[in-house]
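# Observations on the three-dimensional arrangement
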Amino acid sequence: WGYLRRTFCTRATLMSTFRRAHAFLVSSALRSSFLHGDRYTRDKKPFWKQLLTEARYILPFFVLPVGVAVVCVTHIEEVEMTGRKRVVLVSRRLEAILGEYMKHDVHAGRYGAVLPNNSSLTKLVHKVVDRVAEANGISNHFEVYVVANSQANAFVAPGGTIVVFQGLFEILQSQDELALIIAHELGHFMARHTAESLTLSGVLLGFQQFLGALLPFPFFDTIEQSFAKLAFKLPHSRHMESEADFIGLKLMAKACFDPRCAPTVLARLGQSSTEWLSTHPSSELRISQVNESMPAALDVYKKSRCLTQKTGFLAWVRGLRRDS
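Notes on the structure in this doc start here. If you're wondering where the values come from, they're calculated on a predicted model, not measured in any experiment.

Definitions and limits used
Numbering of residues begins from 1 in every chain and follows the order in which that chain's sequence is written. In keeping with the model being predicted, local features are shown solely for residues with a pLDDT of at least 70 and side-chain atom pairs are shown and tallied solely at 80 or more, while totals for entire chains, interfaces and linings include all residues. Think of the side-chain values as coming from all heavy atoms in the structure, minus any hydrogens and water. Burial status follows relative accessibility: with a 1.4 Å probe on protein chains alone, a residue under 20% of its type maximum counts as buried, one over 50% as exposed, and anything between as partly exposed. Every helix listed is a DSSP run of H or I at least four residues long, and every strand listed is a run of E at least two residues long, numbered separately from the N terminus. For this quantity, the arc is that covered by the directions from the helix axis to the C-beta atoms. Strands qualify as paired when DSSP identifies two bridges or more between them. Counted charges follow a simple rule, with Lys and Arg positive, Asp and Glu negative, and His plus the chain ends left uncounted. By convention in these notes, a salt bridge is any Lys or Arg side-chain nitrogen within 4 Å of a carboxyl oxygen on Asp or Glu. Buried residues of nine kinds, namely Ala, Val, Leu, Ile, Met, Phe, Trp, Tyr and Cys, make up a nonpolar core once their side-chain atoms join them within 4.5 Å. Any two residues whose heavy atoms approach within 4.5 Å at even a single point are treated as in contact. A fitted line through C-alpha atoms serves as each axis, taken over the contacting stretch for helices, and the angle formed by two N-to-C directions is quoted from 0 to 180°. Here a helix's expected span is defined as the number of its residues, less one, multiplied by 1.5 Å. Classification of ring pairs uses Phe, Tyr and Trp, with its six-membered ring standing for Trp, and accepts pairs whose centres are within 6.5 Å; under 30 degrees between planes counts as stacked, over 60 as edge-to-face, and the remaining range as tilted. Like-charged residues within 9 Å of one another, or nonpolar side chains (Val, Leu, Ile, Met, Phe, Trp, Tyr) within 5 Å, are grouped into patches, provided each residue has over 30% relative accessible area and no salt bridge. For the area figures, the Shrake-Rupley method with a 1.4 Å probe applies, and any residue is considered shielded solely by the protein chains shown.

## Observations concerning helix α11 (residues 262-269)
Within the span of α11, buried status applies to Ala262, Pro263, Val265 and Leu266. Down the axis, α11 shows its buried residues gathered within 165 degrees of arc, on one side only. Note on α11: the residue one or two positions beyond its end, glycine 270, has a positive phi of about 70 degrees.

As structure tokens, then:
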């Protein structure tokens, strides 16, 4: 106890901590400076005066924070359909490069064999994607792939590659329900959720490296990674999923797909009840949020003045089964 009290509860150690932070930012011998930094003594200038007068403290304690603040302010973006503001540091060019890598994984069969373009399901997904994109004025060219995978899943890659797993069609029963899934993925695309997630991951990684250099304790990296995941990454992912649900309802409604199918589809899909460990909200929460957003979506649906096209979906599925 005496060792701990002398180590962590003295003013000398507090002052030395600031010097160690400075060593991390401006010195090449990071770990050595942290472990063997000099102690604060009363014959030296008070630390607050050193902060204001000595050049070696100006960079880490003034210039860098101001620079970070300027970068964040100049990279604030607003999600068009929700008005939410966030910081996005990933450029669209980098997004496109990442999208090409993900598309390569699709062609390589990472998610399952890709169905041919003339297959019934691929044509159906193309039809729904084109209809939703055209109705909402989305000019991006989307590449659509249906993969032979039994999972009920779909995702959109940066750049506009939409991948739908074949197992999803065992759950869906109409074009409206397929449009709900497609519009949800287009919501992720329009809100640039991938770039936002990469930005958050980069910021958290920077803090983790900084703390790891200052606090070289055993297993500290594992602890801080787990904390960052549970406290920041997973809640942020769940928030983006909810936002994509909200955007998707409006997108599908404007394309003349009935959004009232959403609660039923979400109930069939199901999500883990242990929400705090999941990237998605629980089914109950998603259904509740969708019901809250339904009046706005129905208003868009009624203003679009078109009839829901419910025929033909099962015929497409039967045609696929005949082809196989």
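Having seen the structure, we can now continue with the description.
## Quick word on the pairing of strand β6 (residues 161-165)
With five of five residues buried, β6 is to be regarded as a mostly interior element. Because side chains alternate across β6, one face comprises the buried residues Thr161, Val163 and Phe165, and the other comprises Ile162 and Val164, equally buried. Both strand β4 (residues 143-148) and β6 contribute to a ladder of five bridges, which runs parallel. Bridge assignment links valine 144 to a residue of β6, and that residue is isoleucine 162. Pairing geometry for strand β5 (residues 154-157) and β6, over four bridges, is antiparallel. Note on β6: the bridge partner recorded for alanine 157 is threonine 161.

## Structural notes on the side chain of arginine 131
The residue arginine 131 is located in helix α7 (residues 120-135) in this model. Lacking a salt bridge, the buried arginine 131 has aspartate 176 as its closest oppositely charged neighbour, with an N-O distance of 5.8 Å.

## Structural notes on the nonpolar core
Membership of the largest hydrophobic core comes to 42 residues, with the highest contact counts inside it found for Val125, Val164 and Ile182. Elements that contribute at least two residues to this core include exactly α7, β4, β5, β6, α8 (175-191), α10 (220-254), α11 and α12 (283-303). With eight residues, α8 is the single largest residue contributor to this core. Excluding its chain neighbours within four sequence positions, the residues that come into contact with valine 125 are Val144, Val146, Val164, Phe169, Leu178 and Ile182. One finds Val106, Tyr145, Val147 and Phe155 within the second-largest nonpolar core, a separate group that totals seven residues.

## Observations regarding the pattern of salt bridges
Scanning all chains against the criterion turns up 13 salt bridges. The salt bridge partner of glutamate 196 is arginine 86, with a shortest N-O separation of 2.7 Å. Here arginine 86 lies in strand β2 (residues 85-87) and glutamate 196 lies in helix α9 (residues 193-214), a separation of 110 residues in the sequence. Pair check on accessibility: glutamate 196 and arginine 86 agree, each one buried. We note a salt bridge from aspartate 105 to arginine 110, for which the minimum N-O separation is 3.1 Å. Its relative accessible area of 59% is what places arginine 110 among the exposed residues. Sharing partners across several salt bridges, the network here consists of Glu77, Arg84, Arg86, Glu95, Arg192, Glu196 and Glu243.

## Here's the deal with the sheet that holds β4
Sheet architecture is open: four strands sit in the order β3-β4-β6-β5, paired in mixed fashion. Edge positions in the open sheet fall to β3 (113-114) and β5, since each of these has one partner strand only. One ladder, built from two bridges, connects β3 with β4; its direction is antiparallel. Bridging from a neighbouring strand, valine 114 pairs with valine 147 of β4. Along the sheet, α7 contacts β4 and β6; its crossing angle with β4, the most-contacted strand, is approximately 145 degrees.

## Structural notes on the environment of glycine 160
Inspection of the secondary structure assignment puts glycine 160 in the loop between β5 and β6. Along the sequence, glycine 160 and glutamate 185 sit 25 residues apart, while their C-alpha atoms lie 9.9 Å from each other. With near-sequence residues (within four places) excluded, glycine 160 lies in contact with Asn140, His141, Phe142, Glu143 and Phe189.

## Quick look at α7
Look at α7: 23 Å from first C-alpha to last across 16 residues, which is about the 22 Å you get at 1.5 Å a residue. Considered for burial, the residues of α7 that qualify are Ser120, Leu121, Thr122, Leu124, Val125, Val128, Val129, Arg131, Val132 and Ala133.

## A closer look at the packing of aromatic side chains
For any two aromatic rings, the description comes down to two numbers: the centre-to-centre distance and the angle of the planes. The final tally for this structure, using the stated rule, is five aromatic pairs. Ring centres of tyrosine 111 and phenylalanine 165 lie 6.2 Å apart, and the angle between their planes is 45 degrees; on these two criteria the pair is classed as tilted. Residue tyrosine 111 is found in the loop between α6 (92-107) and β3, and its partner phenylalanine 165 is found in strand β6; the two are separated by 54 residues along the sequence. For tyrosine 111, a relative accessible area of 17% gives the class buried. A ring pair is formed by phenylalanine 227 and phenylalanine 232, whose centres lie 6.1 Å apart and whose planes are at 80 degrees; its orientation type is edge-to-face.

## A look at a nonpolar patch on the surface
On the surface, Val71, Leu89, Val203 and Phe207 cluster together into a nonpolar patch covering about 330 Å² of accessible area. Mapped onto the elements, valine 71 comes out in helix α5 (residues 55-74). Valine 71 sits in the partly exposed class, given a relative accessible area of 36%.

## Let's talk about unusual backbone geometry
With a phi close to 55 degrees, arginine 192 is a non-glycine residue in the positive phi region. Turning to its location among the elements, arginine 192 is positioned in the loop between α8 and α9. Residues other than glycine seldom take positive phi values, yet cysteine 256 does so here, at roughly 70 degrees. Relative to the helices and strands, cysteine 256 resides in the loop between α10 and α11.

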